[in-house]
Amino acid sequence: MKKKLFDVKCPVGRTTTGILHGKTSGVINLEGLKYQWAYDLWEKMLANTWFAKEVDMTRDASDYKVLLPVEKKRYDRIMAQLIFMDGVQTNNTPDNVNSWITAPEINMCIVRQAMEEALHSQAYGVMVQSISTNTNEIFEMWREDQTLFNKNKHILDVYEKYGEIAESDDEAKIYMIVANQCLEGIYFYSGFAGMYSFARNGKMIGSSEMIRFIQRDEIAHLTLFANIFKEIRKEFPHLFTERVLENVREMFKAAAELEITWGKYITEGGILGLSPALIEEFIKYLTNKRLEELGLPVIYEGVSTSDDRCPLPWFYSFSSFNDQKINFFEGNVVNYSKGSLDMNF
């Protein structure tokens with residue numbers, strides 16, 4: 001059921017009695033947090049605040065004009081997919097998840113996530129407007145491209161199937177959390193890798209930088225929902241039957257297969273350092289990694305989840321943040337003082 005905004009039966013001096021069906025005053029009492037990890041994550045999300053218009057896209061406008069036709073097609077397809085997914089997420093988490101989480105400190109993180117998804121949508125707008133005189137060509141591609149349409153339809157079908165019943169169905173709540181992990185942790189990543197592949201070749205540097213900020217936010221969102229999943233499993237172990245866990249594994253497997261197809265499609269048979277075989281290995285690696293983050297067994301045997309065994313060894317060099325980082329192509333020191341993030345909560 002949808003949570004109450006205020007419940008006089010809530011405990012004195014505590015934010016809530018539980019993550020689901022809890023009694024809460026709605027008051028965020030920093031001295032009475034039940035889930036300290038959520039407030040710690042909130043602080044990190046604030047520290048990571050950034051603004052899309054801070055990223056210089058001037059060079060990208062020039063680069064885009066001289067991209068090969070196949071490169072322009074790849075860039076446009078990546079953008080069209082990312083635009084769609086962050087647009088969906090802006091509404092999905094507050095509408096289909098936040099309404100049944102009964103922990104104010106976690107609600108804080110969920111609404112912060114929604115703000116970040118909206119920021120990502122703005123960032124894509126800045127990117128597209130900087131390189132294209134016909135922005136609708138990219139924004140409306142989901143209507144024209146059948147492969148893109150099929151991927152988006154699968155994502156929406158899952159959200160709608162479980163989102164409509166999650167308030168009254170605890171099993172559906174689990175699937176909504178898993179669907180979030182599939183989107184944030186698998187469906188974005190062919191696009192991220194594709195965008196970084198441009199930067200590896202000295203092209204579309206501003207776009208790569210924008211994606212790096214966006215990916216850092218998505219890692220926070222993965223952390224948030226992984227912890228929600230584990231808290232529910234701890235408080236409601238009876239929900240996690242073998243049948244439910246098998247359904248979870250099938251959701252991840254379906255997501256991986258869909259993303260492998262999409263990744264091969266946008267790379268059009270392969271580019272330097274991003275062949276169809278590597279795309280498949282990369283997505284299987286990510287899928288195992290996401291399962292491990294939920295405390296679940298992997299589904300692809302023999303596929304390591306260690307960062308140093310990533311099938312795309314250059315991926316983390318482009319996506320990582322440090323207090324100081326050397327710009328790959330200009331040799332300048334860039335100071336990222338707005339925070340960094342890991343999964344250790």
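Everything here concerns the structure above.
Residues numbered from 1 in each chain as written. Predicted model: local features only at pLDDT ≥ 70, side-chain atom pairs only at ≥ 80, totals over all residues. Heavy atoms only, no water.

1. Things to note about helix 11 (residues 242-266)
Basically, it comes down to this: Strands are runs of DSSP state E lasting at least 2 residues, helices are runs of H or I lasting at least 4, and numbering of each runs from the N terminus. A helix is expected to span 1.5 Å for every residue after the first.
With 25 residues, helix 11 extends 36 Å from end C-alpha to end C-alpha; this agrees with the ideal 36 Å at 1.5 Å per step. Just downstream of helix 11 lies E268, where phi reads positive at about 50 degrees.

2. Description of the packing of helix 9 (residues 189-200) against helix 12 (residues 276-293)
Packed helices, taken two at a time, are described by the angle their axes make and the gap between the axes. Note the threshold: The axes used here are C-alpha line fits, helices contributing only the stretch in contact, and every angle between their N-to-C directions lies in the interval 0 to 180 degrees. Roughly parallel means an angle under 35 degrees; roughly antiparallel means over 145; roughly perpendicular covers 65 to 115; every other angle is labelled oblique. Each helix crossing is assigned a hand: it is left-handed if the near helix lies turned anticlockwise from the far helix by less than a right angle, otherwise right-handed if that turn is clockwise. For this analysis, residues touch if any pair of their heavy atoms sits within 4.5 Å. Asp, Glu, Lys and Arg are counted as charged, while Ala, Val, Leu, Ile, Met, Phe, Trp, Tyr, Cys and Pro are counted as nonpolar; the rest, among them Gly, fall into the polar class.
Two numbers describe how helix 9 lies on helix 12: the axes approach to 11 Å, and their chain directions differ by 130 degrees. Here helix 9 is positioned oblique relative to helix 12, judged by the angle of their axes. Like other packed secondary-structure pairs, helix 9 and helix 12 cross with a definite hand, here right-handed. Each of Y189, S190 and A193 in helix 9 lies in contact with helix 12, whose residues at this interface are I279, F282, I283, L286 and R290. By residue class, the composition of the contact of helix 9 with helix 12 is six nonpolar, one polar and one charged.

3. Quick notes on the nonpolar core
Put simply, the rule is: For this analysis, a nonpolar core means a set of buried residues of the types Ala, Val, Leu, Ile, Met, Phe, Trp, Tyr and Cys, connected via side-chain atoms within 4.5 Å. Between buried and exposed lies partly exposed: a residue is buried under 20% and exposed over 50% of the maximum accessible area for its type, with that area taken using a 1.4 Å probe on protein chains only.
Ranked by internal contacts, the top residues of the largest apolar core, which has 111 residues, are Y75, I101, I106, M210, I228, F282 and F315. If you tally residues by element for this core, the top one is helix 10 (residues 205-235), at 13 residues. In contact with F315, not counting residues within four places along its chain, are Y189, F192, A193, Y196, Q215, F282 and C310.

4. Quick word on the packing of aromatic side chains
For the record, the criterion: Geometry of aromatic contacts follows a simple scheme: Phe, Tyr and Trp rings, the Trp one being its six-membered ring, pair when their centres are within 6.5 Å, and the pair is stacked under 30 degrees between planes, edge-to-face over 60, tilted otherwise. Here, a charge over a ring is recorded when the distance from Lys NZ or Arg CZ to the ring centre is within 6 Å and its angle to the ring normal is within 35 degrees.
Applying the stated criterion across every chain yields a total of 17 aromatic pairs. For the pair F188 and F192, a centre-to-centre distance of 5.5 Å together with 10 degrees between the ring planes defines the contact as stacked. For F192, a relative accessible area of 0% corresponds to the buried category. Judged by centre distance (6.1 Å) and plane angle (25 degrees), the ring pair of Y196 and F318 falls under stacked. Of this pair, Y196 sits in helix 9 while F318 sits in helix 13 (residues 315-319); the two residues are 122 residues apart in sequence, bridging distant segments of the chain. Each of the two residues, Y196 as well as F318, counts as buried. Aromatic ring contacts, followed pair by pair, group F188, Y189, F192, Y196, F282, Y285, W314, F315, Y316 and F318 into a single cluster. Above the ring of Y265, the side-chain terminus of R77 is found at 3.9 Å from the ring centroid.

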